[in-house]
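# What the coordinates show
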Amino acid sequence: MTSFDSSPTLTAWRALLAVAVVFVMLATTGWTAVRHQRSDEPRTIALAAWARGRVAGHALPDADAPPYRLAHFFATLTAAQRAGLADKYPLVVGNLNGAPVTLRYRANRRAVGQAQKVEQRRVHDERLSPEGRAEAVRRMHRFGSMLARGRHFLAFDPSGKGRAAEVFGSLDRAERISVIVPGVDTNLLTLERPEPKVNAAPVGMAKSLYAAERAARPGTRTAVIAWADYTTPAGIGMDAALGNLAERGAVRLNALVEALPGTAPVSLFCHSYGSVLCGVAAHELPARVGDIAVAGSPGMRVENAAQLRTGARVWAMRDRDDWIEDVPNLEFGGLGHGADPVDPGFGARIVSAGDAVGHSGYFEPGTESLGNFAAIGTGSYESVSCAPADGSCRERITGSRAA
């Protein structure tokens, strides 16, 4: 029998398979378009009001100004002036990279409360279809959950399907910060889920990681961000096969990290399509990002780790039952996301996924995959369990006893 390993014929067959997969996606899920914010959406209206606003007789800064400039602006205000802006423009202040963290929490709590009231009215709006009113009920309940005591949101936007970012721990006092970047079908309604899928949603992932990090290194102050603050693909369709949403999300991720308070090292934990975003963002991430860990990745839009052009350590894991293994790992005419990060030839540090369960089970409490994430997030690299394919994944790490 003729061997096709590493042959041009095999490459051609893989390319054809990738195209076939794409057409199946189109046939079954359709081509989902990226919808820009309409002029009547809440945040668009809020931004227009902010652009006309003034404080102490001076115009307000551009909402897109660099974080350092916005930080300087808020530093010049009195506490009463800062609070007044948060209460008057909650959908703007709550999403301003550079605004004080606690001020963003205050603004977003107010914005969530306002959004809940909007949905309460929509529930009884006879102009809506039954499906529309049912969605209003779900959103109303979601916002009610987000208003629970002790919850802190670093970002919130109810426009469209919505975006948010929740923080566990103290960002201002953290010695290590972890950011979870989720994949497809992430929005306000899927931000958190009930059992048994609680740890498959961003909030559940973050809670699990935060608890595991505290258990792994009790004396280290950690903070974890469930970062659902980008527009994700809707299902496994054309958007999931392309990098457009990852490119837009990468801009937002870099802005978030740049604006984080303090100097604590940052670790990114990127799941599924979130790993595509992290791959795109890698070369512009601030130097404080020391680790990029991907799980269940369809690719990072490069052929090897060196092409990420990052000084961060790149880690990769995949559970043996993860269906993502069957997705062709190549790029063809802009479709697909490149090489498999758990391929030894990619150059990532391959760690064990242990007893993770399927594509969404990497953050389940008690699993080796979560334990490895916690070790990376707390800098306890000597505790990382390498996969059989890379028994030396802990080597050459500055400050690690395994170095």
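Rules used in this analysis
Residues numbered from 1 in each chain as written. Predicted model: local features only at pLDDT ≥ 70, side-chain atom pairs only at ≥ 80, totals over all residues. Heavy atoms only, no water. Helix = DSSP H or I, 4+ residues; strand = E, 2+ residues; numbered from the N terminus. Buried < 20%, exposed > 50% of the residue type's maximum accessible area, 1.4 Å probe, protein only. Contact = heavy atoms within 4.5 Å. Areas by Shrake-Rupley, 256 points an atom, 1.4 Å probe, with all protein chains shown as cover. pLDDT = per-residue confidence, 0-100. 1 Å grid on protein atoms, 1.4 Å probe; cavity = no way out; pocket = protein on both sides within 12 Å on 5 of 7 lines; lining within 4 Å. Points joined across faces, edges and corners; volume = space filled by probe spheres on them. Nonpolar A, V, L, I, M, F, W, Y, C, P; charged D, E, K, R; others polar. Salt bridge = Lys/Arg side-chain N within 4 Å of Asp/Glu carboxyl O. Phe/Tyr/Trp six-rings, centres within 6.5 Å; stacked < 30°, edge-to-face > 60°. Lys NZ or Arg CZ within 6 Å of the ring centre and 35° of its normal.

### Side note on the overall build of the chain
- Check the secondary structure of the chain and you find 12 helices and 10 strands.
- Going through the 403 residues of the chain one by one, you find that 53% of them count as buried.
- In the chain, the share of contacts with a sequence separation of at least 24, taken over all contacts with a separation of at least 6, comes to 68%.
- When the accessible surface of the chain is totalled, it reaches about 18,500 Å², and 54% of it is carbon and sulfur.

### Side note on the confidence of the model for the chain
- Confidence in the prediction of the chain, expressed as mean pLDDT, is 89, and 88% of residues score 70 or more.
- Here residues 1–36 is a poorly scored stretch, pLDDT under 50, and it has 31 contacts once near neighbours within four places are set aside; other chains count.

### Structural notes on the layout of surface pockets
- Approximately 530 Å³ is the volume attributed to the second largest pocket.
- Contributing to the lining of the second largest pocket are 24 residues, with E41, P42, V118, P158 and S159 lying nearest its centre.
- Elements with a minimum of two residues in the lining of the second largest pocket: α2 (42–52), α5 (90–93), α6 (101–123) and α7 (130–146).
- At six residues, the largest contribution of residues to the lining of the second largest pocket is made by α6.
- Residue classes in the lining of the second largest pocket are distributed as 12 nonpolar, three polar and nine charged.

### Some points on the pattern of salt bridges
- Taken as a whole and judged by the stated rule, the model has 15 salt bridges.
- Residue R139 is joined to E119 by a salt bridge in which the shortest nitrogen-to-oxygen separation is 3.1 Å. Remark: E119 occurs in helix α6 and R139 occurs in helix α7; sequence separation between them is 20 residues.
- Given a relative accessible area of 4%, E119 falls into the buried group.
- A salt bridge links D291 to R313; the shortest N-O distance between them is 2.8 Å. Placement of D291 in strand β8 (residues 289–295) and of R313 in strand β9 (residues 313–317) is noted, with a sequence separation of 22 residues between them.
- Overall, R313 belongs to the partly exposed group, its relative accessible area being 22%.
- Ionic contacts of the salt-bridge type, sharing partners, join the residues R142, R151, E166 and E192 into one network.

### A short note on empty space enclosed by the protein
- On inspection of all chains with the given rule, the structure shows one cavity of 30 Å³ or more.
- Roughly 40 Å³ of internal volume is contained in the largest cavity.
- Taken together, Y105, N108, R109, V112, M146, L147, R151, H152 and F153 form the lining of the largest cavity.
- If you list the elements that add at least two residues to the lining of the largest cavity, you get α6 and β3 (152–157).
- In terms of residue count, α6 provides more of the lining of the largest cavity than any other element does, four residues in total.
- By residue class, the composition of the lining of the largest cavity is five nonpolar, two polar and two charged.

### Considerations on unusual backbone geometry
- Of note, the bond from E195 into P196 is cis; its omega dihedral lies within 30 degrees of zero at 5 degrees.
- The residue P196 is located in the loop between β5 (176–181) and α8 (202–216) in this model.
- Here the phi dihedral of D185 falls at roughly 60 degrees; this positive angle occurs in a residue that is not glycine.
- Inspection of the secondary structure assignment puts D185 in the loop between β5 and α8.
- What makes D185 partly exposed here is its relative accessible area of 34%.
- Look at S272: it is not a glycine, yet its phi comes out positive at around 55 degrees.

### Thoughts on the packing of aromatic side chains
- Taken as a whole, this structure holds seven aromatic pairs when the rule is applied.
- Plain terms: the ring middles of F143 and F156 are 5.6 Å apart, the flat faces sit at 85 degrees to each other, and that makes the pair edge-to-face. Taken together, the positions of F143 in helix α7 and F156 in strand β3 put the pair 13 residues apart, joining distant regions of the chain. No difference in accessibility class separates F143 from F156, as the two residues are buried.
- Measuring from centroid to centroid gives 5.1 Å for F269 and F373, while their planes differ by 65 degrees, and the two rings are edge-to-face. Of this pair, F269 sits in strand β7 (residues 266–271) while F373 sits in helix α12 (residues 368–377), placing them 104 residues apart in sequence.
- Grouped by ring-pair contacts, the aromatic residues F269, F363 and F373 constitute a single cluster.
- Sitting over the ring of W315, R349 keeps its end group 5.6 Å from the ring centre.

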